[in-house]
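Understanding the architecture of this molecule
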Amino acid sequence: MKPFTTLSAPVVPLRLANVDTDQILPGRYLRKPRSAGYEHFLFHDLRRDAHGDPDPEFVLNKPAYATAPILVADRNFGGGSSREGAVYALVDQGIKVVLAPSFGDIFASNAAKNGLLTVAVARDVIERIWEVAEADPESPLTIDLAAQTLRIANEDAVPFEIDPFRRECLMKGLDDIDLTLSHSDALDAFETEYANRYGFRNPT
Amino acid sequence: MTSSTPQTLYRKIWDQHVVTTRDDGTALLWVDRHYAHEGSFHAFDQLAASGRKVRRPDLTVGVADHYVPTRDRAKGSAEPEIREMIRLLDANTAGSGIRLFGLDDPDQGIVHVVGPEQGLTQPGLLIVCGDSHTSTHGAFGCLAFGIGASEVAHVLATQTLWQKPAKTLRITVDGSLGPGVTAKDLILAIIAEVGADGAAGHVIEYAGSAITELSMEARMTVCNMSIEAGGRAGMIAPDETTIGWLKGRPAVPQGQAWDAAVAQWQTLKTDAGAEFDREVRIDGASIAPTVTWGVSPEHAEPVTGTVPDPAQAGDPGRAAAWEAALDYMGLAAGQALSDIRIDRVFIGSCTNARIEDLRSAARVLDGRTTVIPTMIVPGSSAVKRQAEDEGLDRVFTASGAEWLESGCSMCAATNGDMVPPGERCASTTNRNFRGRQGPGSRTHLMSPAMAAAAAVTGHITDVRRLGDVR
Ligand code: SF4
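Scanning chain A for helices and strands turns up seven helices and eight strands. Principal axes of the C-alpha set define a box for chain A whose edges measure 65 × 45 × 30 Å. Burial status across chain A gives 52% buried among its 204 residues. Expressed as a percentage of contacts within chain A between residues at least 6 apart in sequence, the contacts between residues at least 24 apart total 66%. About 8,500 Å² of surface is accessible on chain A, with carbon and sulfur atoms providing 51% of the total.

Below is the structure:
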């Protein structure tokens, strides 16, 4: 996984709440292998009209926003299904950061495992980011994960919170299976002791 | 922490599973049970790509559900991609020595129905599955939650998971549910109250008399939809109902081990005085049969009400969301919910396709005729057998409903069972998201009895008005 430190780039202003993982990646594409390129399925139904043609009003269909790597959405982004494919679709599209007032827990955790940074940001900050991005699509947003700040164009930096473990994994690009295996001795000891104490928990 | 500090059920189970804790509070937790399904192929691919092996194949159980055909099962799916999903699960589980309830197994079904039914789900366990409705299993007083493919790969390789402690939310439901009011109505009312992200970052414990009075099936319906309130997990402390339900099931301990297990299960309750980060109280008697009108489970109202008006939404963001939902659903503000015409009915899913759900639908369908296409898909093949032993299948087919093979079916439309674009479906599932049941589909969530009432009237109907509601 590639480490994430800072990014200064344009924004996709997605003024939608409750964009669940079914909308990020409809269920019928879940059977596709990753090699199919999940960007083709990103927001598949949301970005098309009733006839299946691209809806020119959908933000990612507007050329000015089509390649911006920071997605900024309304509350409860990524709620619903645990499908990691929703994260693959965003990552394959080139999205590196998603900001929203709140996220589905499983989505946010899946995102971190794929190097995609999610940051929960107050609604008024989100509103300000949308306004600026809508006025000038090229205006950059700067995310500094080490400093835990974001900056809209040349405005003052705004601090944000992030779980320290998630931050460390993102900044180092850590594979957490390797991390866990570095605790092998503790794990082996636990497994033995647990089997003694809770043997009845094994399936019979 | 001293033993005299009162603890929540969540904390007790957490503590039993900690392998190691980092300074920032993130802990490596032991996983007792991992359920796999067809969608787990990404995780098996990741594992293979890293050259790792499954650490404890005995603690993973596979179930074919999302892609199984519900008709003409012997022929298999007509779509090669769907057949491939089932083949991959067969190959991945066989390759690692993992037990599988595959397409042809007499006990196949939806993973969240099969796990409890087999007794694989037990109090005190830490259970994960690459599926958000893993919260269902919390009905047994275990800690159960959905994870993504990378975490599934981690569990396969290490039998553990890194987790940060969640916040705790206790939802106490006092009193009793009224006649014709079910666990589905209760959980929809709860979600409408707290919001679709209201419990984000929290593990919910359900308590109170209206909860302890519920059967295991009903408790599973409640815990199943915890995720629709954004909850990481939902749980209910085990009691005599839980123990009685589990006794004698194939995978529970036997003899002395059973006694040891029961003694341990009886310690699994929140201590008096334990503190929760948040508390919500609801009066069970105030809940009416509840249906959704929009595209989020939080868009739920008592069936006696009307479609809400975005002008009353309170804030502009919410008003815009309601407006968009009404537009997608083809509804007008102020319309009586009971005037909404329905095109088809789906009774199924891990929320509401257990034996009690089917009995409740059968009571409404008995002696009546469905006026719109109605599919009934049992939660497992074992539930199907039991329903047939009880003669429920004959009630269903006599009413004109279709009685099919077990699987996820039209809940997520992954196996090809879909609601056609623009059609309105009364569904006992858990998600009314845009396009969830097929592109352009419109879903109204409700209980099995309410779905059956819609099937015989052709519109949303308060089941209590049909009479003879038990
Ligand atoms: S029945 Fe529906 S919600 Fe349940 S596991 Fe299957 S697809 Fe998911």
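Glancing now at the site of the ligand. Close to the ligand lie B:His66, B:Ile110, B:His112, B:Asp131, B:His133, B:Ser349, B:Cys350, B:Cys408, B:Cys411, B:Ala412, B:Asn430 and B:Arg436, which account for all nearby residues. Split by domain, the shell around the ligand shows at least three residues from each of two domains, domain 1 (9-165 + 245-260) and domain 3 (291-466) of chain B.

Turning our attention to the domain arrangement of chain B. Accessible area lost upon the coming together of the parts serves often as the stated size of an interface. Residue and element names in this part refer to chain B. Taken domain by domain, chain B holds domain 1 (9-165 + 245-260), domain 2 (167-238 + 270-286) and domain 3 (291-466). Here domain 1 and domain 2 have C-alpha centroids that lie 24 Å from each other. If you look at the interface, domain 1 gives 23 residues, while domain 2 gives 22 residues. Of all residues in domain 1, Leu-9, Tyr-10 and Ala-139 bury the most surface against domain 2, accounting for 30% of the area lost on that side. There are ten residue pairs in polar contact (both at pLDDT 80 or more) connecting domain 1 and domain 2. If you list the elements that add at least two residues to the side of domain 1 that touches domain 2, you get α1 (9-16), α4 (111-117) and β7 (143-146). Its residues assigned to classes, the side of domain 1 that touches domain 2 comprises 13 nonpolar, nine polar and one charged.

For the rest of this paragraph, the subject is the nonpolar core. All names here are of chain B. If you look at the biggest cluster of nonpolar residues, it comprises 98 residues, and the most contacted ones within it are Ile-171, Leu-186, Tyr-206 and Trp-265. Top element by residues in this core is helix α6 (residues 183-194). It accounts for seven residues. Once you skip the residues sitting within four places of it in the chain, Leu-186 turns out to touch Val-173, Leu-177, Ile-211, Leu-214, Val-222 and Ile-287. Core analysis: the second largest hydrophobic core is formed by 49 residues, Trp-293, Leu-331, Cys-350 and Phe-396 among them.

Attention now goes to the sheet that holds strand β5 (residues 99-101) of chain B. Residue and element names in this part refer to chain B. The strand order β5-β4-β3-β6-β7 describes an open sheet built from five strands, whose pairing is parallel. The open sheet has two edge strands, β5 and β7, and neither has a second partner. When the angles between neighbouring strand axes are averaged without regard to direction, this sheet yields 20 degrees. Pairing of strand β6 (residues 126-129) with β7 involves four bridges; the strand directions are parallel. Note on β7: the bridge partner recorded for Cys-129 is Gly-146.

All names here are of chain B. Within the open sheet, the four strands sit side by side as β11-β10-β9-β12. Their pairing is parallel. One side of each edge strand has no neighbouring strand; the edge strands of this open sheet are β11 (233-235) and β12 (278-283). Strand-to-strand, the axes of this sheet are offset by a mean angle of 20 degrees, without reference to chain direction. Summarising the sheet, strand β10 (residues 202-207) and β11 pair through three bridges and their orientation is parallel. Its bridge partner being in β11, Val-203 is matched across the sheet by Ala-233.

What follows covers the side chain of A:His44. All names here are of chain A. In this structure, His-44 sits in the loop between α1 (21-24) and β3 (70-73). Of the polar contacts made by the side chain of His-44, one reaches the side chain of Tyr-29; its length is 3.2 Å. Separated by 2.9 Å, the side chains of His-44 and Asp-45 make a polar contact. Once residues within four sequence positions are removed from consideration, His-44 is found in contact with Gln-23, Ile-24, Pro-26, Arg-28 and Tyr-29.

On to the domain arrangement of chain A. Residues and elements named next belong to chain A. The domain architecture assigned to chain A consists of domain 1 (6-173) and domain 2 (174-204). Spacing between the C-alpha centres of domain 1 and domain 2 amounts to 35 Å. Each side of the interface is counted separately: domain 1 has six residues, and domain 2 has four residues. Note on domain 1 versus domain 2: buried area summed over both sides is about 400 Å², and carbon and sulfur give 62% of it. At the boundary of domain 1 with domain 2, the tally comes to one salt bridge. For the salt bridge of Lys-113 with Asp-176, the shortest nitrogen-to-oxygen distance reads 2.8 Å. When grouped by side-chain class, the residues that make up the side of domain 1 that touches domain 2 number two nonpolar, one polar and three charged.

Contact residues are listed per partner, giving 55 residues for chain A and 71 residues for chain B. In terms of surface lost to chain B, no three residues of chain A exceed A:Arg31, A:Phe200 and A:Arg201, which account for 16% of the buried area on that side. Seen at the junction of chain A and chain B, the total is 13 salt bridges. With a shortest N-O distance of 3.2 Å, B:Glu298 and A:Arg75 are connected by a salt bridge. Where chain A touches chain B, the interface holds 37 residue pairs in polar contact (both at pLDDT 80 or more). For the side of chain A that touches chain B, the elements supplying multiple residues, two or more each, are α1, α3 (105-113), α5 (164-172), α6 (176-181) and α7 (184-197) of chain A. Residue composition of the side of chain A that touches chain B, by class: 19 nonpolar, 15 polar and 21 charged.

How each quantity is defined
- Counting of residues starts from 1 at the beginning of each chain's written sequence and follows it residue by residue.
- Written order decides the labels, with chains lettered from A and ligands numbered from 1.
- In keeping with the predicted nature of the model, local features appear solely for residues at pLDDT of at least 70, side-chain atom pairs appear and are counted solely at 80 or more, and the whole-chain, interface and lining totals rest on all residues.
- Computation of side-chain values: all heavy atoms of the structure, hydrogens and water removed.
- Segments assigned H or I by DSSP are reported as helices when at least four residues long, segments assigned E as strands when at least two residues long, and all are numbered from the N terminus.
- To sort residues, take the accessible area from a 1.4 Å probe on protein chains only and compare it with the maximum for the residue type: under 20% means buried, over 50% means exposed, and anything in between is partly exposed.
- Should any heavy atoms of two residues lie within 4.5 Å, those residues are counted as being in contact.
- The Shrake-Rupley method, run with a 1.4 Å probe, gives the accessible areas here. Residue values count only the displayed protein chains as cover.
- If even one non-hydrogen atom of a residue comes within 4 Å of a molecule or strand, that residue is called near it.
- Those domain boundaries reflect an automatic or database domain assignment.
- Buried area: the accessible area, evaluated with a 1.4 Å probe, that two parts lose upon being put together, summed over both parts.
- Pairs of N or O atoms within 3.5 Å make up the polar contacts considered here, provided that, within protein, one atom can donate a hydrogen while the other can accept it, and that residues adjacent in sequence are counted only when both atoms are side-chain atoms.
- Just so you know the grouping, Ala, Val, Leu, Ile, Met, Phe, Trp, Tyr, Cys and Pro go in nonpolar, Asp, Glu, Lys and Arg go in charged, and all remaining residues, Gly too, go in polar.
- Residues grouped as a nonpolar core are buried Ala, Val, Leu, Ile, Met, Phe, Trp, Tyr and Cys residues, joined through side-chain atoms within 4.5 Å.
- If DSSP finds at least two bridges between two strands, the strands pair.
- Axis angles are defined between N-to-C directions and span 0 to 180 degrees, where every axis is a line fitted to C-alpha atoms and, for a helix, only to the segment in contact.
- Salt bridges are defined by distance alone: a side-chain nitrogen of Lys or Arg within 4 Å of a carboxyl oxygen of Asp or Glu.

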